[in-house]
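Working through the structure, step by step
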Amino acid sequence: MANNKTILRALAGETLDTPPIWMMRQAGRYLPEYRATRAQAGDFLSLCYNSDLAAEVTLQPIRRYGFDAAILFADILLLPQALGADLWFVTGEGPRMSTTTTQAEFDQLRSVGDIHETLNPVYETVRILARELPKETTLIGFAGAPWTVATYMIAGRGSKDQGAAHALKSENRAVFEQIIDRLTDATIEYLAAQIDAGAEVVKLFDSWAGSLKGQDFDDFALKPAQKIIAALKSRYPDTPIIAFPREGGDRYIGFAKATGADCVAVDNSVSAEWVAEHVQPDGCVQGNLASHHMVTGGQDLVDETRHIVRALSKGPHIFNLGHGITPDANPDNVQLMIDTVRGA
Ligand code: CP3
């Protein structure tokens, strides 16, 4: 089937005159319409599990800005919740989870086949979006990568250095590896169900890949991504996959080839020139404007946006931020970024 959606063309390896654009966390607290719908839902998790309202917030940035892709509104921590971990969000602080650090706690988790019971509302959100999105807009599903999700299951919360997960990895390797394996298998089924429901692309978020060094990066960032992508490609050979081993540094090099990903998303700790030289030769890249420009705006935003577009113009590129937009961003700066990318 010929496709004319720009994101799918870039993911297939085409170099476009104007890179398609979407933005991590494009549905979020910087938008007044998001805050209103979230208030209507009650809290963040109720919003994630309310298919109509989750579809509504997914569509809000598409209506306002006409991004080339919509990303399903959900969270990477819904999957461990579906595996039986308790999850809640503390306002102003972030996620909290019951911890899984012993064999007994691991044995309490549900099996992979049981996840859909909890996650069915997410699949329903995808079905609504597949019906309601404009025909030129690509629908992206996603999951967290096993290492990143494991860091929350092990620490029970976010942390700057992922210390608890690194400690378990050396002190109780057997339990640590069982957590990674359960998450790997569950992620395959979760993403497969999103594709069955209508997701056209899926993205694997490994936000904390940067704290894995050497052999650990191979074992716990690269290998799980490889396994997930191989399983999905055997079932859905035509569904492109974006991998985001955030702060991977020189491990971004070769990541697409080694894992089978169609695109590597890069954060803004690497320069666009470096990405063009070392990562883009293997295929599509996504990124990488620093998200602070959405707060500060002005000529710096315009200059840096043009710089990234130009540096990555000789190969397939999807324009995005280096990480999610923050709640203090100014919605006008998002419009300025889009106008600059599109050359207005
Ligand atoms: O990009 C998108 O808009 C799609 C939806 C999405 C969310 N989270 C919505 C969300 C995606 C892809 C995520 C991924 C996610 N969630 C990651 C990986 C990517 C990254 O940003 O590093 C991680 C580590 C999480 C876990 C999580 N969820 C954290 C650490 C937080 C922050 C807590 C806070 O208060 O800022 C969340 C909450 C969250 N997930 C929000 C949104 C829009 C803010 C929730 C709110 O409305 O209060």
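Residues numbered from 1 in each chain as written. Predicted model: local features only at pLDDT ≥ 70, side-chain atom pairs only at ≥ 80, totals over all residues. Heavy atoms only, no water.

1. Some details on the sheet that holds strand β9 (residues 317-321)
The strand order across the open sheet built from 7 strands is β1-β4-β5-β6-β7-β8-β9, with neighbouring strands paired in parallel fashion. In this open sheet, the two edge strands, each paired with only one partner strand, are β1 (69-71) and β9. Taking each pair of neighbouring strands and ignoring which way they run, the sheet shows an average axis angle of 25°. Judged from the 3 bridges that link them, strand β7 (residues 263-265) and strand β8 (residues 284-289) form a sheet pairing that is parallel. Residue pairing in the sheet places Val264 in a bridge with Val285 of β8. Strand contacts of helix α15 (residues 298-311): β8 and β9, with the helix running at about 165° to β8, the strand carrying the most contacts. (Pairing = 2+ DSSP bridges. Helix = DSSP H or I, 4+ residues; strand = E, 2+ residues; numbered from the N terminus. Axes fitted to C-alpha atoms, helices over the stretch in contact; angles between N-to-C directions. Contact = heavy atoms within 4.5 Å.)

2. Comments concerning the packing of aromatic side chains
Scanning the entire structure with this criterion turns up 10 aromatic pairs. Here Phe44 and Phe89 contribute two aromatic rings whose centre-to-centre distance is 4.8 Å and whose plane-to-plane angle is 75°, an arrangement assigned as edge-to-face. Of this pair, Phe44 sits in helix α3 (residues 44-49) while Phe89 sits in strand β2 (residues 87-90), and the two are 45 residues apart along the sequence. Residue Phe89 is classed as partly exposed on the basis of its relative accessible area of 30%. Plain terms: the ring middles of Phe142 and Phe205 are 5.6 Å apart, the flat faces sit at 80° to each other, and that makes the pair edge-to-face. Placement of the pair is Phe142 in strand β4 (residues 138-144) and Phe205 in strand β5 (residues 201-206), with a sequence separation of 63 residues. Pair check on accessibility: Phe142 and Phe205 agree, each one buried. Among the aromatic side chains, those forming a connected cluster through ring pairs are Tyr34, Phe44, Phe73 and Phe89. One residue, Arg246, lies across the ring of Trp208, its end atom 5.1 Å from the ring centre. (Phe/Tyr/Trp six-rings, centres within 6.5 Å; stacked < 30°, edge-to-face > 60°. Buried < 20%, exposed > 50% of the residue type's maximum accessible area, 1.4 Å probe, protein only. Lys NZ or Arg CZ within 6 Å of the ring centre and 35° of its normal.)

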